[in-house]
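Observations on chain architecture
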Amino acid sequence: MSTLITAERNRVWRALTTPSELVRWDDQIVELLDSAADYPQLGQQIRWRCRIGSVPIVVHQTVQEVQPGERLQSTISRGVFCFDETYTLADEPGLPDRTRLGLKVVASNSAPLVGGLMDRFAIRRLSAELIDSRLRAIQKWCENHD
């Protein structure tokens, strides 16, 4: 999934890679638990205190690939829900000061739950909701904060 953001690519990249901005636009993130002055760096492992609804959790992130201004890939662990998350940024042809931001989530076909498994359809729905909410949030943030 992707969205067109009315902001330059470096602005969108900054929103994705500056922990103090992430906490402000992503309504699930409460705070960064680890020092991340050089975030993001290949292989870097950091933890975020998050809230999913009223449930507090700790999210573990391992940075897998960094191409500044173009691509950020991480492995994310949100309790039993683990996935790879890849952001891609590109200029929108013919539209100056616009960025096409893509987000791809790759998850396994099932996730263990107490007393059973969450099937692939539930995981697909959760993934689509996660992508949609994050893309909308970062779009709103970048278009309203220089």
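The structure displayed is predicted, hence computed values, not measured ones.

**Thoughts on the side chain of Gln 61**
Here Gln 61 lies in strand β4 (residues 55-67). On the basis of relative accessible area, Gln 61 is assigned to the buried category, the value being 6%. Within polar-contact distance, the side chain of Gln 61 engages the side chain of Trp 48 at 2.9 Å. In this view, Gln 61 contacts Tyr 39, Gln 44, Gln 45, Ile 46, Trp 48, Ser 74, Thr 75 and Ile 76; residues no more than four positions away in its chain are not counted.

**Some points on the pairing of strand β6 (residues 81-91)**
Bridging between strand β5 (residues 71-78) and β6 involves eight bridges; their strand directions are antiparallel. Among the inter-strand pairings, Arg 78 is bridged to a residue of β6, identified as Phe 81. Connecting β5 to the antiparallel partner β6 that follows it, the hairpin turn spans two residues, and Gly 79 within it adopts a positive phi of roughly 65 degrees.

**Observations concerning the packing of aromatic side chains**
If you walk through the whole model with that rule in mind, you get one aromatic pair. Between Tyr 39 and Trp 48, the ring centres sit 6.3 Å apart and the planes meet at 80 degrees, which makes this aromatic pair edge-to-face. The residues Tyr 39 and Trp 48 share a single accessibility class, namely buried.

**A few points about the pairing of strand β1 (residues 2-5)**
Judged by which residues are buried, β1 turns out to be one-sided: Thr 3 and Ile 5 face inward and are buried, whereas Ser 2 and Leu 4, on the alternate face, are not. One ladder, built from four bridges, connects β1 with strand β7 (residues 99-107); its direction is antiparallel. Within the sheet, the bridge partner assigned to Thr 3 lies in β7 and is Leu 101.

**Considerations on the nonpolar core**
In terms of nonpolar packing, the biggest core is built from 32 residues, with Val 12, Trp 25, Leu 101, Ile 138 and Cys 142 touching the most fellow members. Those elements that place two or more of their residues in this core are α1 (9-17), α2 (19-25), β3 (45-52), β4, β5, β6, β7 and α3 (120-144). For this core, the element with the highest residue contribution is α3, accounting for six residues. Ignoring sequence-local partners within four residues, the contact set of Trp 25 consists of Ala 15, Leu 16, Tyr 87, Arg 134, Ala 137, Ile 138 and Trp 141.

**Focus on the pattern of salt bridges**
Summed over the entire model, instances satisfying the criterion amount to ten salt bridges. Note that Glu 21 and Arg 14 form a salt bridge whose closest N and O atoms lie 3.5 Å from each other. With a relative accessible area of 12%, Glu 21 lands in the buried category. Using a relative accessible area of 33% as the deciding quantity, one classes Arg 14 as partly exposed. A salt bridge links Arg 134 to Asp 26; the shortest N-O distance between them is 3.0 Å. With Arg 134 in helix α3 and Asp 26 in the loop between α2 and β2 (29-32), the pair connects residues that are 108 residues apart, well separated along the chain. Overall, the relative accessible area of 10% leaves Arg 134 in the buried class.

Parameters at a glance
- Residues numbered from 1 in each chain as written.
- Predicted model: local features only at pLDDT ≥ 70, side-chain atom pairs only at ≥ 80, totals over all residues.
- Heavy atoms only, no water.
- Helix = DSSP H or I, 4+ residues; strand = E, 2+ residues; numbered from the N terminus.
- Buried < 20%, exposed > 50% of the residue type's maximum accessible area, 1.4 Å probe, protein only.
- Polar contact = N/O pair within 3.5 Å; in protein donor to acceptor, adjacent residues only side chain to side chain.
- Contact = heavy atoms within 4.5 Å.
- Pairing = 2+ DSSP bridges.
- Phe/Tyr/Trp six-rings, centres within 6.5 Å; stacked < 30°, edge-to-face > 60°.
- Core = buried A, V, L, I, M, F, W, Y, C linked by side-chain atoms within 4.5 Å.
- Salt bridge = Lys/Arg side-chain N within 4 Å of Asp/Glu carboxyl O.

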